[in-house]
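Spelled out from the first residue to the last, the chains are:
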Amino acid sequence: MQSLKRKSLWVALSASWLLLVLLGVFPFLRLAVPPRPQPGASPGWPRWLDAELLQSFSQPEEPTEDAPACPRSPHGGRCTWGTCFDTSRCRDGLKVFVYPAAGPTSEMHHQVTASLEGSRYGTSSPAEACLLLFLSSDTPTGGCSPEPPHWNSGSNHLVLSLHSAPCPWASQLGRAMVAEASPKVDTFRPGFDVALPLLPEAHPLRGGAPGQLWQHSPQPGLALLAVAEKMGRWRPADVHSPPVGWDGHCEQDSGAEPTLPGERPPNATFCLIPGHRTEAWRFLQALQAGCIPVLLSPCWELPFSEVIDWTKAAIIVDDRLPLQVLAALQEMSPARVLALRQQTQFLWDAYFSSVEKVIWTTLEIIQDRFFGAPTHPSLLWNSPPGALLARPTFSLSPQEFPFYHLQLGSRPEGRFSTLIWVGPPGQAPLKLIQAVAGSQHCAQILVLWSSDRPVPSRWPETAVPLTVIEGRRKVSDRFFPYSAISTDAILSLDAHTNLSTSEVDFAFSVWQSFPERMVGFLTCSHFWDEARGGWGYTAEMANEFSMVLSTAAFYHRYYHTLFTHSLPKALRTMADEAPTCVDVLMNFLVAAVTKLPPIKVPYGKQPLGAVALAPGGPGPEPQPSAPDCINQMAAEFGHMPLVSSRVRLDPVLFKDPVSVQRKKYRSLEKP
């Protein structure tokens, strides 16, 4: 009898222990669904799905005594987008006037100002500006500058502080929006202010270092968790050792030696970061390393929390359950871990790797507010290539962009528009028009006439509509987003190109499988010139290539919008002055967006335009100024985006010794 009682008691205790584990250990990594914050709404932290299980943990409006919530000051809700911003000044879009520096500033301050003034947002007139931007001084002795001359209580002003806290007169008294690094939740105004990342002083202006996930792939036996400690150190926690001795300062007991101050996090899957605002700089460091941030009840607003879904890249845990962190992280599935790490790399590259990206993201968030509803759906902000490369002026639907067909389960339409560029000497490409019009997928033919000769009065009769557009004698005209283009796919041709209908049909079928890339017939490649200490490129035939020439290539019409409205004016001007640079610039743009190489398809007879790197090019080698243009582009982009490839796609039975009648694209093998 006593044995039976002992067994019953043991079963009851085991059941109670199991219930405590289920309710107390694993829910602290509870799933979060972040609603998109609206002006005047509560702070942009996630709402927990298990609120009915852990009321005190998930509802900050009812904090317990041992877990005080982050206080919110009374002045935090004074200004909202509707009450403190005059949208009537923004009829022409987001035009930004940057106040000149009132005192000594750093070189980074000058570069940021010049970048803003030369961007599509910049304007030199305060009267025409929708937004007046005041860039806080980042010099040690800069201090707080006096109020700007057009302050007007801060209406339609943005005080931008990349490194230090903004001046009190802006953040506490005025009606200005404040964009500062890691703001406290008690002063942050959701839907009005913008939370920035805490950038290091040496953060690059443009480009930036890539993510380090490929260098930080954890192997069996290596650290699962890296713990942030004082003095900029990271200490790895052993997977097999119990997480004991963990005090309120998040210091781990004896183990491996901590890393030196300023070094990147160790090779760990998770990076535990305290919730203190002083530790916010570690968040960006972990993000770049591909180390999943694990935040202990942070009292600072996550960067760009208005638009970024941080539940896809970071984990927020309750600081009252530190002993269960390591055990719960070990239970996370490998697929979930990989998805989180991949998202850290995307967010780093899209929004945080350079100062310019941080600023453009801030302005894009403000511009989204003009319409009352989000112009960028959450998919565009939280999926590659990101909202900065998905212009709302092109479309508000993700299905219209070339990047999201795979995610949305859709396919591009089965028709294309042909855009034929006619430059000097201005001969009508009659044979080329007939060959393209014979394609069953051709919807229209547009002839861009950019020659000094008069436009011919008669054109050949075709089965598809033919329209003549008179250009402005600029090479960049061929990448203008003409309203006459009615399809997603564009076949860009030069008047000297010689293609057959079969070659066009096969190339289009390839493009339909890769709508985000350029698919072309003629290639060239870039290389590093050790003698000159810079980049160069060549059109010599080789197995490896990184660019396809737009004299004969398929691509999505969205790249016309990016080329015209997103590229700096200096780059487009350079392409017009050096025509051999225009193909390089277009390939730079597509590669920077996709991070992928173009695709080469075969042709049966070398087109007449194959010897030129661009329309009107003089020969097989670049012009003298051409190597310089590729270096100027790399400097403007901040990195070399081109990706080399050796892949060429051929049709089935291409050049196989079988009957010609069995081949679908027979003319591809013509002599």
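Our subject is the structure that appears above.
Presented here is a report on the structure given in the accompanying data block. None of the values given here were measured: they were computed from a predicted structure. (Residues numbered from 1 in each chain as written. Predicted model: local features only at pLDDT ≥ 70, side-chain atom pairs only at ≥ 80, totals over all residues. Heavy atoms only, no water.)

With that settled, consider helix α12 (residues 430-437). One full turn of an α-helix is made of 3.6 residues, so residues set three or four places apart face in the same direction. When α12 is considered as a whole, its buried residues turn out to be Leu432, Ile433, Ala435, Val436 and Ala437. Looking at the buried residues of α12, the elements they touch are β13 (416-422), β14 (442-449), β15 (466-470), β16 (489-494) and α13 (501-513). (Buried < 20%, exposed > 50% of the residue type's maximum accessible area, 1.4 Å probe, protein only. Helix = DSSP H or I, 4+ residues; strand = E, 2+ residues; numbered from the N terminus. Contact = heavy atoms within 4.5 Å.)

Once that is clear, we can look at the sheet that holds β15. Taken together, seven strands build an open sheet; the order of strands is β15-β14-β13-β16-β21-β17-β22 and the sheet is mixed. At either end of the open sheet lies a strand with only one pairing partner, and these are β15 and β22 (599-600). Relative to β22, strand β17 (residues 519-520) runs parallel, the two being bridged by two bridges. Among the inter-strand pairings, Val519 is bridged to a residue of β22, identified as Ile599. Contacting β13, β16 and β21 (552-556), helix α14 (residues 558-565) crosses the sheet at an angle of about 90 degrees to β21. (Pairing = 2+ DSSP bridges. Axes fitted to C-alpha atoms, helices over the stretch in contact; angles between N-to-C directions.)

Turning to the sheet that holds strand β5 (residues 157-161), a few remarks are in order. Reading across the sheet, the five strands line up as β3-β4-β5-β6-β7 and stay open at both edges, with parallel pairing between neighbours. Single-partner strands in this sheet number two, and they are β3 (96-98) and β7 (194-196). With direction set aside, neighbouring strand axes in the sheet form an average angle of 20 degrees. Relative to strand β6 (residues 177-181), β5 runs parallel, the two sharing four bridges. When the sheet's bridge partners are listed, Ser161 is paired in β6 with Glu180. In the packing of helix α4 (residues 107-117) onto the sheet, the strands contacted are β3 and β4 (131-135), and the crossing angle to β4 comes to about 165 degrees.

Per the stated rule, a full pass over the model turns up 13 salt bridges. Across the pair Arg206 and Glu356 runs a salt bridge, and its minimum N-O distance is 3.0 Å. Separated by 150 residues along the polypeptide, Arg206 in the loop between β7 and β8 (225-228) and Glu356 in helix α9 (residues 355-368) bring together distant segments of the chain. Here Glu356 falls in the buried class, since its relative accessible area comes to 11%. Linking Arg391 and Glu364 is a salt bridge whose minimum nitrogen-to-oxygen distance equals 3.1 Å. In this pair, Arg391 sits in the loop between α10 (378-382) and α11 (405-408) while Glu364 sits in helix α9, placing the two residues 27 residues apart along the sequence. (Salt bridge = Lys/Arg side-chain N within 4 Å of Asp/Glu carboxyl O.)

To describe a pair of aromatic rings, you give the distance between the ring centres and the angle between the ring planes. Per the counting criterion, the structure on display carries 31 aromatic pairs. Centroid distance Phe283 to Trp300: 5.9 Å. Interplanar angle 75 degrees. Geometry classified as edge-to-face. Remark: Trp300 occurs in the loop between β11 (292-296) and β12 (315-317) and Phe283 occurs in helix α6 (residues 281-289); sequence separation between them is 17 residues. As far as burial versus exposure is concerned, Phe283 and Trp300 are alike and both buried. Seen from their ring centres, Tyr558 and Tyr559 are 6.4 Å apart, and the 45 degrees between their planes marks the pair as tilted. Residue class for Tyr558 comes out buried when judged on its relative accessible area of 0%. A relative accessible area of 0% means that Tyr559 is categorised as buried. Ring pairs connect the aromatic residues Phe283, Trp300, Phe304, Trp310, Phe346, Tyr351, Phe352 and Trp381, which therefore count as one cluster. (Phe/Tyr/Trp six-rings, centres within 6.5 Å; stacked < 30°, edge-to-face > 60°.)

Further remarks concern the packing of α4 against α9. Remark: α4 packs on α9, axes separated minimally by 11 Å, with the N-to-C direction vectors making an angle of 45 degrees. Regarding the angle of α4 to α9, the classification is oblique. The two elements α4 and α9 meet at a crossing, and its hand is right-handed. Of α9, the residues touching α4 (which contributes Met108, Val112, Ser115 and Leu116) are Val355, Glu356, Ile359, Trp360 and Leu363. (Parallel < 35°, antiparallel > 145°, perpendicular 65-115°, else oblique. Left-handed = near helix turned anticlockwise from the far one by under 90°.)

Purely spatial values, then, with no claim about function.
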